[in-house]
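Chain by chain, the residues:
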Amino acid sequence: MTKFPRASIPCLVAVAAAASVAPAFADKVERNFAGSIQLDYMAIPSESIGRKIALDSATAEASLKVTQDFGDQMSASVKLCVACHGVEVGMAFFDLRVSDELSFRVGRFTPQFGAFPVRHDPANHRTSDKPLPYDMGRMLRTDDWNMGILPSPWVDNGIELSGTHFFSDAIQLGYAAYAVGGPRAASDPIDFAYKLSRSGETYYLDNNSRPAVGARVTLDYVHDRTTVTAGASAMVGTYDPDNKRDFQVAGVDLMVQISRIFLRAEYLVRRTQMSLGTDPALQFKYGPGADGTYDPYFVKHGFYAELELPVVDGVDGIVRWDGLRRQGNVVRTSELRSDSALLRYTVGASVRIRGATRIKLSAELYDFSDFQDEVAIHLALTGAL
């Protein structure tokens, strides 16, 4: 008997349910399939064995999505993701559209936070890896930094309300508000444990019975061949099983498009409460403050700015500057300091081979405050359906 991976079962059930729609509704049902795949090879010429500091070599990312519309006001979407973390359910939700100003999304989805998660699939951005604030394990020294601020895609269970108000043909205001399970960690945590949020082995359940809540607001201006979008996002909640350690994440973003030229920038900041344990002096590298107490919070900043523009027909160039900064105490085993920083400089190109098939090439220089500087080279083949 054939055994399916546990994470793929919800997708198969949802697809089967969609396929079983009564023939009487056939003229009202429209099904769409989309997908993308990327095989990326990352080399670290500054290291003899790159695996010591990163998930180097070849990694594959695949995204397969089925969306079915049930009339004008309701649709259902299922997405299967395959990456270095294995097979996962990237989405499984339904949308109910009451009007332009009000829609409901219920199920498993990526809540609206920031601009990049909307284009996180490999065929939707020109670099092989993600900006540092949204990194999910491909950056160098990923274990030391515990990835970025809010790894993308952040997939969670919950409900989201959203809508768009059109002031005119050129100006529109968008909003979203949601309640989801939120980030997770084990008891007495120092930071988020992303594997607990991504792995079906621990069940896709809220670990502390308290939802995290968030919201996003965007303002769009569209005129002729120019589009300007500005956004602000926030999320708050607790992440430990005892519902004691809180976090707050906020971000702002800007995108300017003039014909085929794109300028994008985002800034994110996360404040996270750590567990001090029974004896902080034994656990943490730095002692108490002037008042004799240990600060239980650390703050992590992240940003990126990138310029994407056509070079010649079929070739797009990209220049990106991104970085991370962590301020606050660290455990004794960490090589970070109480104020550590990382800056990364990327130059790359995306070459269209045929249709939606592209080759991506990029070179990255990592400037660490606590480690030697490193160089990473990416070569990727990407396709879209």
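Preceding block: the structure.
Read on for an overview of the structure. (Residues numbered from 1 in each chain as written. Predicted model: local features only at pLDDT ≥ 70, side-chain atom pairs only at ≥ 80, totals over all residues. Heavy atoms only, no water.)

## Focus on the pairing of strand β10 (residues 246-258)
Part 1: Both strand β9 (residues 226-238) and β10 contribute to a ladder of 13 bridges, which runs antiparallel. Along β10, the bridge assignment pairs Thr-229 with Met-255.
Part 2: Two strands pair when backbone bridges link them, and β10 and strand β11 (residues 261-273) are joined in this way by 12 bridges, in the antiparallel orientation. Paired with Asp-253 across the two strands is Glu-266, which belongs to β11.
Part 3: Once β10 ends, the chain turns through 2 residues before running back antiparallel as β11, passing Ser-259 with a positive phi of about 60°. (Pairing = 2+ DSSP bridges. Helix = DSSP H or I, 4+ residues; strand = E, 2+ residues; numbered from the N terminus.)

## Concerning the side chain of Arg-344
Part 1: Along the chain, Arg-344 falls in strand β14 (residues 339-354).
Part 2: Given the relative accessible area of 0%, Arg-344 is considered buried.
Part 3: In terms of polar contacts, Arg-344 uses its side chain to reach the side chain of Tyr-366, at 2.9 Å.
Part 4: Each residue touching Arg-344, except ones within four places of it in the same chain, is listed here: Asp-129, Lys-130, Pro-131, Leu-132, Arg-320, Trp-321, Asp-322, Glu-364, Leu-365 and Tyr-366. (Buried < 20%, exposed > 50% of the residue type's maximum accessible area, 1.4 Å probe, protein only. Polar contact = N/O pair within 3.5 Å; in protein donor to acceptor, adjacent residues only side chain to side chain. Contact = heavy atoms within 4.5 Å.)

## Section: the layout of surface pockets
Part 1: Roughly 470 Å³ of internal volume is contained in the second largest pocket.
Part 2: Lining the second largest pocket are 20 residues, with Leu-55, Thr-142, Asp-143, Met-147 and Lys-195 sitting closest to its centre.
Part 3: Elements supplying a minimum of two residues to the lining of the second largest pocket: α2 (142-145) and α3 (194-198).
Part 4: Here the lining of the second largest pocket is built from residues that sort into 8 nonpolar, 5 polar and 7 charged. (1 Å grid on protein atoms, 1.4 Å probe; cavity = no way out; pocket = protein on both sides within 12 Å on 5 of 7 lines; lining within 4 Å. Points joined across faces, edges and corners; volume = space filled by probe spheres on them. Nonpolar A, V, L, I, M, F, W, Y, C, P; charged D, E, K, R; others polar.)

## A closer look at the side chain of Asn-208
Part 1: Looking at the secondary structure, you find Asn-208 in the loop between α3 and β8 (212-223).
Part 2: You can call Asn-208 buried: its relative accessible area is 4%.
Part 3: A distance of 3.1 Å separates a polar side-chain atom of Asn-208 from the backbone oxygen of Asp-240.
Part 4: Once you skip the residues sitting within four places of it in the chain, Asn-208 turns out to touch Thr-238, Tyr-239, Asp-240, Pro-241 and Asn-243.

## Side note on the packing of aromatic side chains
Aromatic ring pairs are reported here in terms of the distance separating the ring centres and the angle at which the planes meet.
Part 1: Here the structure, examined in full by the defined rule, presents 10 aromatic pairs.
Part 2: Residues Phe-192 and Phe-247 carry aromatic rings whose centres are separated by 5.3 Å and whose planes lie at 85° to one another, so their mutual orientation is edge-to-face. Of this pair, Phe-192 sits in the loop between β7 (171-180) and α3 while Phe-247 is found in strand β10, placing the two residues 55 residues apart along the sequence.
Part 3: Looking at Phe-247, the relative accessible area reads 0%, which means it is buried.
Part 4: In this structure, Arg-271 is placed above the aromatic ring of Tyr-297, and the distance from its NZ or CZ to the ring centre is 3.6 Å. (Phe/Tyr/Trp six-rings, centres within 6.5 Å; stacked < 30°, edge-to-face > 60°. Lys NZ or Arg CZ within 6 Å of the ring centre and 35° of its normal.)

## Here we look at the nonpolar core
A general trend in soluble globular proteins is that nonpolar side chains are found buried together.
Part 1: Counting 39 residues, the largest nonpolar core has Phe-113, Leu-140 and Leu-342 as the members making the most contacts within it.
Part 2: Elements supplying a minimum of two residues to this core: β4 (86-99), β7, β10 and β15 (357-368).
Part 3: Excluding residues within four positions of it along the chain, Leu-140 makes contact with Met-42, Ile-44, Ile-53, Ala-54, Tyr-366, Phe-368, Glu-374 and Ala-376. (Core = buried A, V, L, I, M, F, W, Y, C linked by side-chain atoms within 4.5 Å.)

These figures capture arrangement, not role.
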